[in-house]
Amino acid sequence: MKYNTYLNYLLILIGCIVAIYAQAGEEQDVVILILGIIILMFGLYRISSTLSSKKQSKESHEPNQKDDA
C-alpha cells in the first residue's frame, strides 16, 4: 500500500518538474508542458481516488433512527 502512495507523490513531483522545465527555456515547448501537466493530474487523480469523503463515511456509520410518534 505504501508503494502506491509513494508512486502517486513521485508522479506529482515528476509532473511538476517536467512542467517547470518546459517553461524554463526561452521558447516554451508546448508538448513537454502538456505531458508534464498530464503526469501531474494523473498523480493527483490517483491520490484523490484513494481518499474517502467525510460525509459518506459519517452517513454509513450512523444507525438508522426512526420516530415512534
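Residues numbered from 1 in each chain as written. Predicted model: local features only at pLDDT ≥ 70, side-chain atom pairs only at ≥ 80, totals over all residues. Heavy atoms only, no water.

Undergrad: It is not clear to me how helix 2 (residues 30-50) should be interpreted in this structure. Could you clarify?
TA: Given 3.6 residues to a turn, an α-helix orients residues that are three or four positions apart in the same direction. Taking 1.5 Å of rise per residue, the 21 residues of helix 2 would be expected to cover 30 Å, and the 31 Å separating its terminal C-alpha atoms lies within 8% of that figure. What helix 2 keeps buried is the set Leu33, Gly36, Leu40, Gly43 and Ile47. For helix 2, the buried positions fall inside an angular range of 100 degrees around the axis, keeping them on one side. Set apart from the buried face of helix 2 by more than 90 degrees, the exposed residues are Val31, Ile38 and Tyr45. Contact partners of the buried residues in helix 2: helix 1 (2-24). (Helix = DSSP H or I, 4+ residues; strand = E, 2+ residues; numbered from the N terminus. Expected span 1.5 Å × (residues − 1). Buried < 20%, exposed > 50% of the residue type's maximum accessible area, 1.4 Å probe, protein only. Arc of directions from axis to C-beta. Contact = heavy atoms within 4.5 Å.)

Undergrad: I keep staring at the side chain of Asn8 and nothing clicks. Help me out?
TA: Along the polypeptide, Asn8 turns up in helix 1. Classification of Asn8 by relative accessible area gives buried; the value is 5%.

Undergrad: Hey, could you run me through the packing of helix 1 against helix 2 in this one?
TA: Helix-helix packing is described using two parameters, namely the angle between the two axes and the distance between the axes. Two elements in contact, helix 1 and helix 2, have axes separated by 7 Å at closest approach and are oriented at 155 degrees. Between helix 1 and helix 2, the angle is such that the two are roughly antiparallel. For helix 1 against helix 2, the interelement crossing comes out left-handed. Grouping the amino acids of the contact of helix 1 with helix 2 by side-chain chemistry returns 16 nonpolar, six polar and one charged. (Axes fitted to C-alpha atoms, helices over the stretch in contact; angles between N-to-C directions. Parallel < 35°, antiparallel > 145°, perpendicular 65-115°, else oblique. Left-handed = near helix turned anticlockwise from the far one by under 90°. Nonpolar A, V, L, I, M, F, W, Y, C, P; charged D, E, K, R; others polar.)

Undergrad: Even after reading the chapter, I still don't get helix 1, so can you show me in this structure?
TA: Between its terminal C-alpha atoms helix 1 stretches 33 Å, which fits the 33 Å expected from 23 residues at 1.5 Å a residue. All of the buried residues in helix 1 are Asn8, Leu11, Ile12, Gly15, Ala19 and Ala22. Elements that come into contact with the buried residues of helix 1 comprise helix 2.

Undergrad: Where do I start with the environment of Ile12 in this structure?
TA: Along the polypeptide, Ile12 turns up in helix 1. We classify Ile12 as buried; its relative accessible area is 16%. As a C-alpha pair, Ile12 and Leu44 span 32 residues in sequence and 6.7 Å in three-dimensional space. Leave out the neighbours within four places in its chain, and Ile12 touches Leu40, Gly43, Leu44 and Ile47.

Undergrad: For this particular structure, what's the right way to read a nonpolar patch on the surface?
TA: Taken together, Leu10, Leu13, Ile14 and Ile17 make up a surface patch of nonpolar side chains, about 360 Å² in accessible area. Along the chain, Leu10 turns up in helix 1. On the accessibility criterion, Leu10 (44% relative accessible area) is partly exposed. (Patch = residues over 30% accessible without salt bridge, like charges linked within 9 Å, V, L, I, M, F, W, Y side chains within 5 Å. Areas by Shrake-Rupley, 256 points an atom, 1.4 Å probe, with all protein chains shown as cover. Salt bridge = Lys/Arg side-chain N within 4 Å of Asp/Glu carboxyl O.)

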